[in-house]
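# Commentary on secondary and tertiary structure
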Amino acid sequence: MDYELASPGVLCSLSTEELLTKIQEWGLDVTEAEAQRFRDNEVDGDTVDCGLTETMVAYLFQGSFKKQVKFNQFVSRMKESSVTLTLQTVSPEDWQPSTSSTSISNENTLRLPASFEIPRFPKNLQLKLDNKEPCHKNPRDRHTIIRVLYEAVAQYTMYPTNSEYVQAVKTLVMKYPFLKDREGNGYHTWHMSLRRKFKSERAPLVDSEAVRRCKEKFGSTRRGQPNKCQRTSQRNVCQGPCVQGEDLLSIDAHLKVLQCQYQKMQPDTMVVHNRMQQMFAWRQKEIADGMPVEDVLKKYPFLGMPTGLCNELGWIQPTTGNVSQRFREGLSCVAAKVIDLTRGKTPLYQLYLDAREEALTDDLPDLDTRAALLFLPYVFKEKLDLFVILGEVHPKTPYPTVQLLHEDWKPVFSRSAPNIVKLDGSEVCRTSCIFEGIISSFCLYFVFNLAYPKHLKNTLIFLQKYIVKIDEGEDRPLPITVTRQINLLY
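Residues numbered from 1 in each chain as written. Predicted model: local features only at pLDDT ≥ 70, side-chain atom pairs only at ≥ 80, totals over all residues. Heavy atoms only, no water.

The name recorded for the protein chain in an unreviewed UniProt entry is Sterile alpha motif domain-containing protein 3, from Oreochromis niloticus.

## Re the nonpolar core
If you look at the biggest cluster of nonpolar residues, it comprises 81 residues, and the most contacted ones within it are F327, L374, F375, V388, F413, F442 and F448. Mapped onto the domain boundaries, this core takes at least three residues apiece from domain 3 (248-302) and domain 4 (323-488). The contact partners of F375, leaving out residues within four places of it in the chain, are V338, I339, T342, T346, L348, Y349, Y352 and F413. Ranked by size, the runner-up nonpolar core spans 28 residues in total, among them F121, V169, Y176 and Y187. (Core = buried A, V, L, I, M, F, W, Y, C linked by side-chain atoms within 4.5 Å. Buried < 20%, exposed > 50% of the residue type's maximum accessible area, 1.4 Å probe, protein only. Domains from an automatic or database assignment. Contact = heavy atoms within 4.5 Å.)

## Considerations on helix α15 (residues 306-316)
Among the eleven residues of α15, nine are classified as buried, and the element is accordingly described as predominantly covered. The set of residues buried in α15 consists of P306, G308, L309, C310, E312, L313, G314, W315 and I316. On the buried face of α15, the contacting elements are α12 (269-278), α13 (280-288), α16 (323-342), β6 (426-431) and α19 (434-447). (Helix = DSSP H or I, 4+ residues; strand = E, 2+ residues; numbered from the N terminus.)

## As for the pattern of salt bridges
The final tally for this structure, using the stated rule, is 15 salt bridges. Among the ionic pairs, E312 bridges to R283, the shortest N-O distance being 2.7 Å. Here R283 lies in helix α13 and E312 lies in helix α15, a separation of 29 residues in the sequence. Residue classification places E312 among the buried positions, given a relative accessible area of 0%. Judged by relative accessible area, R283 falls into the buried class, the value being 0%. Among the ionic pairs, D368 bridges to R356, the shortest N-O distance being 3.0 Å. Linking D368 in helix α18 (residues 364-379) with R356 in helix α17 (residues 348-358), this pair joins segments that are twelve residues apart in sequence. Classification of R356 by relative accessible area gives partly exposed; the value is 32%. Ionic contacts of the salt-bridge type, sharing partners, join the residues E17, E32 and R39 into one network. (Salt bridge = Lys/Arg side-chain N within 4 Å of Asp/Glu carboxyl O.)

## Describing the pairing of β6
Taken together, the five bridges between strand β5 (residues 419-423) and β6 define a ladder with antiparallel strand orientation. Bridge assignment links V421 to a residue of β6, and that residue is C429. (Pairing = 2+ DSSP bridges.)

## Focus on the sheet that holds β5
Spatial ordering of the open sheet is given by β3-β4-β5-β6, a layout of four strands whose pairing is mixed. If you trace the sheet from one side to the other, it starts and ends with β3 (388-390) and β6, each paired once. Neighbour to neighbour, the strand axes of the sheet diverge by 30 degrees on average, direction disregarded. Bridge analysis of strand β4 (residues 401-404) against β5 gives four bridges, and the strand direction is antiparallel. The residue of β5 that forms the bridge with V402 is V421. (Axes fitted to C-alpha atoms, helices over the stretch in contact; angles between N-to-C directions.)

## Side note on the pairing of β4
Residues of β4 alternate between two faces, with T401 and Q403 on one and V402 and L404 on the opposite face, all of them buried. Relative to β4, β3 runs parallel, the two sharing three bridges. Among the inter-strand pairings, V388 is bridged to a residue of β4, identified as V402.

## As for the environment of K67
Tracing the backbone through its elements, the reader meets K67 in helix α5 (residues 65-81). The sequence separation of K67 and L28 amounts to 39 residues, and the corresponding C-alpha distance is 7.0 Å. Not counting the four nearest positions on each side in its chain, K67 is found in contact with L28, D29, T31, E34 and F61. There is a polar contact of 3.0 Å between the side chain of K67 and the backbone oxygen of D29. (Polar contact = N/O pair within 3.5 Å; in protein donor to acceptor, adjacent residues only side chain to side chain.)

## With respect to the packing of aromatic side chains
Taken as a whole and assessed by the stated rule, the structure comprises 24 aromatic pairs. Considering the side-chain rings of Y349 and F375, the 6.3 Å spacing of their centres and the 35 degrees angle between planes classify their relative orientation as tilted. Note that Y349 is positioned in helix α17 and F375 in helix α18, a separation of 26 residues in sequence. Y349 gets classed as buried once you look at its relative accessible area, which sits at 9%. Residue classification places F375 among the buried residues on the basis of a relative accessible area of 0%. Where F462 meets Y466, the ring centres are 5.8 Å apart and the plane angle is 10 degrees; that geometry is what we call stacked. Residue F462 and its partner Y466 are both found in helix α20 (residues 457-467); the two are separated by four residues, about one turn of the helix. We note that F462, like Y466, is buried. Here the aromatic residues W26, F38, F61, F71 and F74 are joined through ring pairs into a cluster of three or more. (Phe/Tyr/Trp six-rings, centres within 6.5 Å; stacked < 30°, edge-to-face > 60°.)

Quick look at the structure:
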């Protein structure tokens, strides 16, 4: 395919005043202040044809996104009117990939037009799309969609801008709305997939001088940061809540009552609940100030119980309600799909099938829920063995872990699977089943204000957002891996 430019270009020949007149005729109202910026910066047709950056356009039309977008559309239309495409058939023998600057040095000659349209897909895939089948849940179909989209955009540039990536994928989901992501803006996963496709296709061209210049200009220079395992300021409670109505004397009185209740075989749950709630703000401030885990558990022994941890999470996030119930209800909705997605991906799957054959019919729903909770890390391509640990192994991690007291994985699917929940190597509590153990460890992230570890971040984010439904008011989009799996699970 050869590109042949008309001579001379309509846009290149325009002076500043002629350019302003054309913009006005096109329907974009230019104020006198904006026109003066064109004159002061010698912005004529030739300047626009060479390419204005987004920052330059933003300066020319300060405070108006609408004018900036319309100006970009104007430029695209003017460039289209001055470019003709001549298609030439090239035999496979004559075509050879080149790392020279033939096609890359001119990658900015053409930009994605405002009227960009999605091409037709291969026949079988196009038939599925016409029938509104969820092709994005099929990896092969998804890869084909990205490939076709890449080929369409690559006709204009091998280095699309962020706005051009967005334009391409938004056009895709507008034409086929059923391909939208369930989370976020609706096209985030498509955006990231298309970016990665371009990156992988440009990789063989690394020796090209033009590519090297682009990598030096746009490449990342960040270096990996050491993984910090101490408490972080991820959550809003890090600065400690305002403590009102309590002092050292009243706190000491509450603690004496709690210690007395803790010595009893059957503590008064109402008394414990009320006293713990009265000290909540004071306790959270102490934790935020860095009180060690051992000291916290010694001072507030009821935090060393699953019920106490769930209550604490309920006070931190008042909309949480019954944490255990939310786990059961949320997991029951996705258990079947989680188990199906894990088929053959972990040796635990066969143990799950064996346990299911031996279980009573009434126990199957709970067994499936426990299995789904264990299999979630595999769905998000993360490691379970840094979260749930078998036997007397001492984990080298400061994060919450569930240590099984059995030497075999099979009992983990049953109702009785005794375990120890640990944090930073210290025992926090003991539970009788894996379900309680994982819930308790999840609560610990909020109780001690811990950031999620990288090796389990996606799984924990999913549990927080979709199972327990805790929203901390953050505007950041979910990680791309989480969004993709949500599309498959719901």
